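Survey of secondary and tertiary structure
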Amino acid sequence: MLEINNLSHVVPGKGKEPLRVLEQVSFSAPGGHVLAVIGPSGSGKTTLLRILAGLTEPEAGTVTLGKRDLIKQPLYANQLGWVPAGDDNLIEHLTVRENLTSAAMLRGAGRTRDEVISRVSHVLVTVGLENIATERTSALALPQRRRLKLGLALVADPVIVLCDDFTVGLDVRSEREFEALLKLVASDRPDRIVIHATDALANLGAYDTVVVLHEGYVAFHGPARAVPHYFTVPTYDEVYARLAKRPAQRWGDSWMKHRDAYYAAFKLGGGVADKLSAAEEDPGDEDRTIIMKQKGDSDEEETKKPAETETRPIIPLPGIFSQAQHLVKRRWSLLRRTPREWITHASLLVGAPGVAALLLLPNLKLLKDMRGGSTAPDVVWPAANTVSMIVLIQILLVMFMALRLGAREIAERRALYERERIGGVSPTAWLLGSLLFMLPIILVQSVWMEMFLDIVSDGLPGTGPAKLLLPALSGAAFAAICLGISANSGSKERAHSISLTLLCANVLLCGALLGFPRIMGHVVHPFITAHYGWSGIIDSLEKTAYFDPIDKMVKTWFATPDLAMTMLGVHFLIGVVLTFVGLQRRA
Ligand SMILES: Nc1ncnc2c1ncn2[C@@H]1O[C@H](COP(=O)(O)OP(=O)(O)OP(=O)(O)O)[C@@H](O)[C@H]1O
């Protein structure tokens, strides 16, 4: 039995006054029960669901499931089936079955491959998607997407299923089908309780009981067929208009006054919610007085068996590394299936070294003369300038490729992340999964660019470790920073534009600092990722003929390769911490 007692919640209001979202909300629901929480927009339905899910801590009140206090000890992720509002949390490029299999693997719903397959097949049948299991999610119609969303919440066999605005936007026929589907879901496990928060009033008869919320107050709780009677309206559709005629608090007070009589008539509280007697208004009560009259309902209904209290073992979640491993595999398969994405990366892989080579080609003779030992100033100076510029361009191009990888990575999938996080996926696993997906791509891009330029120029000056490692580290550091921006941005467009601005700042400051006094550099350098990649490589040329002219041409200071690597490591860590903080943030 789920029992909610005197639940109140306050949020900061627009003015100085705090906004009371829930006021002394109380009701209960036994196992096997399907309950609708209805109310006009802003009445507190989502807030109530979030409290039940352990996502929001209430100001006061208790929520218990059996003997367990869900405020102090929220449900384990695998005991909760959370069906969020919104349709953007599915993985469009996976099939229906793959979406469910991925959710099952991330939640540990099956130790062996066969167990996962069997669990997924059961869910497919339950939600009625077995005939289109191999369809891509992007091809599904809205009602099918909703069924998939419900299926994703069911893979770990949850005891409580919470659906937020599950039927919004559906036609009346589909709505009716979905309410029947929720009943089926509740019957799939004897102790399961399904709660649907909705403002739709069309098919209330499909629910075992209905809680009517109005501006945070419970205005009614009981079987749907008593709703029109209680509110003295001919149809469900007119309930909200009726609610609006009195202040919410009066509806709340009125319900408190009559609740016990109604519960006695409905046999609520004992776990049975199907016996209804007519209720009539007492003209003597200004608010509303209900006189309960028992109708001759059948004994069969009255003695409906309380739901069983079977409890099944909780499925343990997989460890962070198994989750991260699955996320990386999934991300690679999504990359393969998204032509726009892999074509972009492939084009950059080919195009970026080509752009750098364009600068190099007209100056190849100078580099050849330097290798031949020329010391003529009209060779040494332009050759040194070419090397300095080519290193800078190489670093900036690697950073641009890192930006393409990191900036949208989390912001674009935020809704998916939120759903999976509530389903027990650890933020650390998402962080690791994102990094392990991006870093090999950056490594390949930067090493390939270096090799390509070496081949074109017959060997650029500099030592291998600095030449190979510093561009890769610059890319990794900037990718992590962009990932941090992505995790903290409200949209992918915003994340991309902030990251692009940061890259432009790197370009401008790098260029400007070449001519600025050194003291200025000491203030600004710590913020410029590109500077460390560039200056670490230039410093590694100290023993070559290129170094002196570069040192004289630019007024800035060079970090040693070791310091450059350390600072790029610090930038990488800052990006990782930013990402972690962003992933901890609740939507
Ligand atoms: N974190 C918050 N900060 C400020 N206001 C909030 C917060 N959470 C909820 N509210 C406010 O509390 C009220 C109830 O919100 P809630 O989302 O629970 O209502 P709802 O019944 O689910 O509405 P809808 O059907 O439109 O989703 C609204 O006025 C909402 O703006």
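Keep in mind it's a predicted model, so treat the numbers as computed, not measured.

Description of the site of the ligand
Around the ligand, the surrounding shell consists of V11, P12, L19, V21, P40, S41, G42, S43, G44, K45, T46 and T47. Side-chain polar atom of K45 to an oxygen atom of the ligand: 2.9 Å apart, as the coordinates give it. Mapped onto the shell around the ligand, the elements with two or more residues apiece are β2 (19-29) and α1 (45-52). Sorting elements by how many residues they give to the shell around the ligand places α1 first, with 3 residues. Across the shell around the ligand, the residue classes tally to 5 nonpolar, 6 polar and 1 charged.

Comments concerning the domain arrangement of the protein
If you check the domain split of the protein, you get domain 1 (2-75 + 159-302), domain 2 (87-158) and domain 3 (320-584). A C-alpha centroid distance of 38 Å is found between domain 2 and domain 3. Counting from both sides, the interface comprises 14 residues of domain 2 and, opposite them, 14 residues of domain 3. Interface area for domain 2 against domain 3, summed over the two sides, is near 1300 Å², with a carbon-plus-sulfur share of 60%. Connecting domain 2 to domain 3 are 1 salt bridge. Measuring nitrogen to oxygen at the nearest pair gives 2.7 Å for the salt bridge that ties R337 to E98.

A word on the UniProt feature "transmembrane region" (unreviewed entry) in the protein
Here the UniProt feature "transmembrane region" (unreviewed entry) sits at residues 342-361, 381-407, 428-448, 468-486, 498-516 and 563-583. What you have in residues 342-361 is 95% helix and 0% strand, and the ends, taken at the C-alpha atoms, are 28 Å apart. End-to-end, the C-alpha atoms of residues 563-583 are 30 Å apart, and along that stretch the chain is 100% helix and 0% strand.

Comments concerning the pattern of salt bridges
In the structure shown here, the tally under the stated rule is 25 salt bridges. With a closest N to O distance of 2.6 Å, E92 and R145 form a salt bridge. Here E92 is found in the loop between β6 (80-83) and α2 (96-106), whereas its partner R145 is found in helix α4 (residues 142-154), with 53 residues between them in sequence. Overall, the relative accessible area of 26% leaves E92 in the partly exposed class.

Points about the packing of helix α13 (residues 377-406) against helix α16 (residues 464-488)
At a minimum axis separation of 8 Å, α13 and α16 run at an interaxial angle of 35 degrees. Between α13 and α16 lies a crossing whose hand is right-handed. Counting all contacts with α13, which are made through Q394, I395, V398, M399, A402, L403 and G406, the residues of α16 involved are L470, P471, S474, G475, F478, A479, C482, L483 and S486. Taken together, the residues of the contact of α13 with α16 sort by class into 11 nonpolar, 5 polar and no charged.

Some points on the sheet that holds strand β1 (residues 2-11)
Taken together, 4 strands build an open sheet; the order of strands is β2-β1-β4-β5 and the sheet is antiparallel. This sheet does not close on itself; its edge strands, each paired only once, are β2 and β5 (68-69).

Let's talk about the sheet that holds strand β9 (residues 209-214)
The strand order β6-β7-β8-β3-β9-β10 describes an open sheet built from 6 strands, whose pairing is mixed. In this open sheet, the two strands that pair with only one neighbour each are β6 and β10 (217-222). Each adjacent strand pair in this sheet contributes to an overall mean axis angle of 15 degrees, direction not counted. Strand direction decides the pairing type here: strand β3 (residues 34-38) and β9, joined by 4 bridges, are parallel. Across the sheet, residue L35 finds its bridge partner in β9, namely T209.

Calculation criteria
Residues numbered from 1 in each chain as written. Predicted model: local features only at pLDDT ≥ 70, side-chain atom pairs only at ≥ 80, totals over all residues. Heavy atoms only, no water. Near = heavy atom within 4 Å. Polar contact = N/O pair within 3.5 Å; in protein donor to acceptor, adjacent residues only side chain to side chain. Helix = DSSP H or I, 4+ residues; strand = E, 2+ residues; numbered from the N terminus. Nonpolar A, V, L, I, M, F, W, Y, C, P; charged D, E, K, R; others polar. Domains from an automatic or database assignment. Contact = heavy atoms within 4.5 Å. Buried area = accessible area lost by both parts, 1.4 Å probe. Salt bridge = Lys/Arg side-chain N within 4 Å of Asp/Glu carboxyl O. UniProt positions renumbered as here; feature names shortened; annotations may be inferred. Buried < 20%, exposed > 50% of the residue type's maximum accessible area, 1.4 Å probe, protein only. Axes fitted to C-alpha atoms, helices over the stretch in contact; angles between N-to-C directions. Left-handed = near helix turned anticlockwise from the far one by under 90°. Pairing = 2+ DSSP bridges.

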